[in-house]
Amino acid sequence: MKCRTKNRIVEAYLITCHMNIHTPDGTVHASPGDYIILDGCERYPVKPGDFEQMYEPVEEPTEILKRRT
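Residues numbered from 1 in each chain as written. Predicted model: local features only at pLDDT ≥ 70, side-chain atom pairs only at ≥ 80, totals over all residues. Heavy atoms only, no water.

Participant: Sorry if this is basic, but what is going on with the pattern of salt bridges here?
Facilitator: Oppositely charged side chains can pair when the atoms bearing their charge come close. Across all of its chains, the model carries 2 salt bridges by this definition. Notably, a salt bridge pairs Lys2 with Glu11, separated by 2.6 Å at the nearest N-O pair. With relative accessibility at 30%, the residue Lys2 sits in the partly exposed group. When its relative accessible area of 31% is taken as the criterion, Glu11 is described as partly exposed. (Salt bridge = Lys/Arg side-chain N within 4 Å of Asp/Glu carboxyl O. Buried < 20%, exposed > 50% of the residue type's maximum accessible area, 1.4 Å probe, protein only.)

As structure tokens, then:
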């Protein structure tokens, strides 16, 4: 899904298994239920509560077109 912070749009997906994510700051563990944020070439995990506070969904153009027809 596409999400945005106050000034950036990023890709995010919810994971269902344990993962190790390689970030610029080193390897970080992500747990089921965490979101993985894709921001350009970087990936990093975000806990669900933090994700809900920092990001909001962005409608895809096809969703907007469907509502207009």
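Participant: I'm lost on the environment of Ile9 in this one. Help?
Facilitator: In this fold, Ile9 is placed in strand 2 (residues 9-14). Once residues lying within four places of it in the same chain are set aside, the contact partners of Ile9 are Lys2, Cys3, Arg4 and Val58. (Helix = DSSP H or I, 4+ residues; strand = E, 2+ residues; numbered from the N terminus. Contact = heavy atoms within 4.5 Å.)

Participant: What's the story with the nonpolar core in this structure? I'm lost.
Facilitator: For soluble globular proteins, nonpolar side chains are generally found buried alongside one another. With 8 residues, the main nonpolar core is built from Cys3, Val10, Ala12, Tyr35, Ile37, Val46, Phe51 and Tyr55. Elements supplying a minimum of two residues to this core: strand 2 and strand 5 (35-39). Look past the residues within four positions of Tyr35 in its chain and what remains in contact with it is Met1, Tyr13, Leu14, Tyr44, Pro45, Val46, Pro48 and Phe51. (Core = buried A, V, L, I, M, F, W, Y, C linked by side-chain atoms within 4.5 Å.)

Participant: Sorry, what's going on with the confidence of the model for the chain here?
Facilitator: Fine structural detail should not be taken from predicted coordinates in areas where pLDDT scores are low. Of all residues in the chain, 81% have pLDDT values of 70 or greater, and the mean over the chain is 84. Mean pLDDT across the secondary structure elements of the chain bottoms out at helix 2 (residues 61-68), with 54, and peaks at strand 4 (residues 26-30), with 96. (pLDDT = per-residue confidence, 0-100.)

Participant: For this particular structure, what's the right way to read the packing of aromatic side chains?
Facilitator: The geometry of an aromatic ring pair is captured by the separation of the ring centres together with the interplanar angle, meaning the angle of the planes. All told, the structure shown has 2 aromatic pairs when counted by the stated rule. Geometrically, the ring pair formed by Tyr35 and Phe51 is stacked, given 3.7 Å between the ring centres and 10° between the ring planes. Taken together, the positions of Tyr35 in strand 5 and Phe51 in helix 1 (residues 48-54) put the pair 16 residues apart, joining distant regions of the chain. Of the residues examined, Tyr35 reaches a relative accessible area of 13% and is grouped as buried. (Phe/Tyr/Trp six-rings, centres within 6.5 Å; stacked < 30°, edge-to-face > 60°.)

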